[in-house]
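Below are the chains, spelled out letter by letter.
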Amino acid sequence: MANKLKVGIVGGTGMVGQRFVELLNNHPWFEVTSIAASAGSAGKTYEQSVQGRWKLETPIPDAVKQIVVQDASKVEEVASGVDFIFCAVDMKKDEIKALEEAYAKTGTPVVSNNSAHRWTADVPMVIPEINPSHLEVIEAQRKRLGTSTGFIAVKPNCSIQSYVPALNALLDFKPKTVVASTYQAISGAGKNFTDWPEMLDNVIPYIGGEEEKSEQEPLRIWGSVEDGQIVKASEPQITTQCIRVPVTDGHLATVFVKFENAPTKEEILSRWANFKGRPQELELPSAPKQFITYFEEENRPQTKLDRNIENGMGVSVGRLREDSLYDFKFVGLSHNTLRGAAGGAVLIAELLKAEGYIQPKA
């Protein structure tokens with residue numbers, strides 16, 4: 001405990017907050033010392049606050065059961081006991097923005113699972129293997145917020161992680177046009193089948209706001225840092241459809257892509273097999289050893305079989321083949337609450353620690 005960073009989870013009673021609790025249990029670098037939520041949960045032990053609504057298959061870790069939940073709106077009180085926080089609150093976007101900035105202004109780093117700050121110009125939105133250089137904007141953000149140690153870093157949308165890593169490995173072939181349809185698990189809405197029985201034997205061809213995120217967020221990830229801001233890339237052009245399917249966890253994507261300089265199938269497979277990023281170089285605790293795994297079988301990846309690859313932190317790809325209208329098409333899969341949510345945020349925090357952005361408070 002003496003050498004571990006003290007972590008607070010703001011929004012710790014919801015599904016993503018529960019994932020944070022699970023993933024941080026026995027983490028080699030981080031120790032959960034504070035959990036905050038709405039005023040209605042404050043004052044109860046964590047075990048009491050999630051009684052009857054614990055959504056994970058694993059039990060509540062013993063280490064957090066007796067932590068007394070704090071009121072997330074009491075920023076100074078929560079921040080005073082931790083080195084940094086993970087934020088996964090369910091509030092209006094403007095309220096989330098204000099809350100996260102309030103925490104950052106106390107000198108506390110915020111690693112956010114929320115979408116509120118994804119388009120704030122000096123807030124890095126990071127997939128650690130892809131755009132770790134975007135952390136450079138933290139310096140400009142700190143100046144704006146008037147803090148030498150606090151900042152906000154955010155994780156991107158969960159569904160894009162099923163196809164953006166596969167495309168990222170091929171960027172030097174200059175993808176020009178991408179068509180992607182995502183088939184998204186119900187946990188992406190913070191629900192299970194008990195909460196949402198109408199999803200059984202059903203498909204809903206609409207997820208509010210998801211298509212705009214899926215088309216625009218990859219361009220910000222592939223953007224550049226200029227004058228303390230992130231300027232999004234102009235290509236490739238991406239169009240998507242996002243569909244809710246009766247699956248507990250795992251977002252699957254079908255992808256069509258046209259390149260300026262079309263690679264061969266062998267070149268694509270080689271890039272996927274050999275792709276590594278900063279987390280692999282640093283051997284971060286949550287980093288998958290093999291970021292992208294390709295399946296030769298015609299019927300893989302399958303959501304149920306493959307979502308947990310590399311402890312849910314890897315990305316699976318399959319069915320790569322030439323296309324009659326585009327150059328190639330393939331299928332991608334990622335675990336939406338691990339790689340796509342809490343796990344991705346933990347990996348960002350590990351990167352931030354390794355690069356010196358998160359340090360113990362004096």
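Overview of the structure. (Residues numbered from 1 in each chain as written. Predicted model: local features only at pLDDT ≥ 70, side-chain atom pairs only at ≥ 80, totals over all residues. Heavy atoms only, no water.)

## Side note on the packing of helix α1 (residues 15-24) against helix α12 (residues 338-354)
Inference 1: Here α1 crosses α12 at 55°, and the two axes come no closer than 9 Å. Classified by the angle between their axes, α1 and α12 sit oblique to one another. Helix-helix and strand crossings are classified by hand; for α1 and α12 the assignment is right-handed. In this structure, α1 uses Val16, Arg19, Phe20, Leu23 and Leu24 to contact α12, whose residues at the interface are Leu338, Ala341, Ala342, Gly343, Ala345 and Val346.
Inference 2: In terms of residue class, the contact of α1 with α12 is made up of nine nonpolar, one polar and one charged. (Axes fitted to C-alpha atoms, helices over the stretch in contact; angles between N-to-C directions. Helix = DSSP H or I, 4+ residues; strand = E, 2+ residues; numbered from the N terminus. Parallel < 35°, antiparallel > 145°, perpendicular 65-115°, else oblique. Left-handed = near helix turned anticlockwise from the far one by under 90°. Contact = heavy atoms within 4.5 Å. Nonpolar A, V, L, I, M, F, W, Y, C, P; charged D, E, K, R; others polar.)

## Comments concerning the pattern of salt bridges
Inference 1: Enumeration according to the criterion identifies 18 salt bridges in this entry.
Inference 2: A salt bridge links Arg339 to Glu129; its shortest N-O distance comes to 2.9 Å. With Arg339 in helix α12 and Glu129 in the loop between β5 (109-112) and α6 (138-145), this pair connects stretches of sequence that are 210 residues apart. Side by side, Arg339 and Glu129 carry an identical accessibility label, which is buried.
Inference 3: Lys174 serves as the salt-bridge partner of Glu260, at 4.0 Å between the closest nitrogen and oxygen. Here Lys174 lies in the loop between α7 (164-168) and β7 (175-184) and Glu260 lies in the loop between β11 (251-259) and α9 (265-274), a separation of 86 residues in the sequence.
Inference 4: Exposure remark for Lys174: the relative accessible area of 42% places this residue in the partly exposed category.
Inference 5: It is possible to trace a salt-bridge network through shared partners that takes in Lys174, Lys176, Glu235 and Glu260. (Salt bridge = Lys/Arg side-chain N within 4 Å of Asp/Glu carboxyl O. Buried < 20%, exposed > 50% of the residue type's maximum accessible area, 1.4 Å probe, protein only.)

## Some points on the sheet that holds strand β6 (residues 151-154)
Inference 1: In spatial order, the strands read β3-β2-β1-β4-β5-β6; together these six strands make up an open sheet with parallel pairing. If you trace the sheet from one side to the other, it starts and ends with β3 (70-71) and β6, each paired once.
Inference 2: As judged from the two bridges shared by strand β2 (residues 30-37) and β3, these two strands associate in the parallel manner. Looking at β3, one finds that Ala37 is bridged to Asp71. (Pairing = 2+ DSSP bridges.)

## Thoughts on the side chain of Ser41
Inference 1: Structurally, Ser41 is set in the loop between β2 and α2 (46-49).
Inference 2: Once residues lying within four places of it in the same chain are set aside, the contact partners of Ser41 are Thr13, Ser49, Arg53 and Val69.

## As for the side chain of Asn336
Inference 1: Checked against the element boundaries, Asn336 lands in the loop between β14 (328-334) and α12.
Inference 2: Within the structure, Asn336 has its side chain in polar contact with the side chain of Ser187 (distance 2.9 Å). (Polar contact = N/O pair within 3.5 Å; in protein donor to acceptor, adjacent residues only side chain to side chain.)

## As for the packing of aromatic side chains
Aromatic ring pairs are reported here in terms of the distance separating the ring centres and the angle at which the planes meet.
Inference 1: A complete count under the given rule lists 11 aromatic pairs for this structure.
Inference 2: Pairing Phe20 with Phe86 gives two aromatic rings, centres 4.6 Å apart and planes at 20°, and the pair type is stacked. One end of the pair, Phe20, is in helix α1; the other, Phe86, is in strand β4 (residues 84-87), and 66 residues separate them in sequence.
Inference 3: Residue classification places Phe86 among the buried residues on the basis of a relative accessible area of 0%.
Inference 4: With a centroid separation of 5.1 Å and 70° between ring planes, the pair formed by Phe30 and Phe84 is classed as edge-to-face. Residue Phe30 is found in strand β2, and its partner Phe84 is found in strand β4; the two are separated by 54 residues along the sequence. Across the pair, Phe84 and Phe30 agree in class, each one buried. (Phe/Tyr/Trp six-rings, centres within 6.5 Å; stacked < 30°, edge-to-face > 60°.)

## A few points about helix α5 (residues 93-105)
Inference 1: With 13 residues, α5 extends 18 Å between its outermost C-alpha atoms, agreeing within 8% with the 18 Å of an ideal straight helix rising 1.5 Å per residue.
Inference 2: The complete set of buried residues in α5 reads Ile96, Leu99, Glu100, Glu101, Tyr103 and Ala104.
Inference 3: Among the structural elements, β1 (5-10), α4 (75-79), β4, β5, α6 and β6 are those in contact with the buried residues of α5.
Inference 4: Once α5 ends, the next one or two residues include Gly107, with phi positive near 90°. (Expected span 1.5 Å × (residues − 1).)

## A closer look at unusual backbone geometry
Inference 1: Look at the link from Glu235 to Pro236: it is a cis peptide, with omega at 5°.
Inference 2: Here the bond from Arg300 into Pro301 is cis, since omega is 5°, no more than 30 degrees from zero.
Inference 3: Mapping Pro301 onto the fold places it in the loop between β12 (292-295) and α11 (303-306).
Inference 4: Backbone geometry at Asp201 places phi at a positive 60°, although glycine is not the residue there.
Inference 5: Residue position: Asp201 is located in the loop between β7 and α8 (210-221).
Inference 6: Overall, Asp201 belongs to the exposed group, its relative accessible area being 80%.

## As for the environment of Lys4
Inference 1: With respect to the helices, strands and loops of the structure, Lys4 is situated in the segment before β1.
Inference 2: At 2.7 Å, the side chain of Lys4 forms a polar contact with the backbone oxygen of His27.

## Focus: the pairing of strand β13 (residues 315-322)
Inference 1: Alignment of β12 against β13, held across four bridges, turns out to be parallel. Along β13, the bridge assignment pairs Thr293 with Ser316.
Inference 2: Judged from the five bridges that link them, β13 and β14 form a sheet pairing that is antiparallel. Residue pairing for β14: Ser316 is matched across the bridge by Leu333.
Inference 3: Counting the residues between successive antiparallel strands, the hairpin from β13 to β14 contains five residues.

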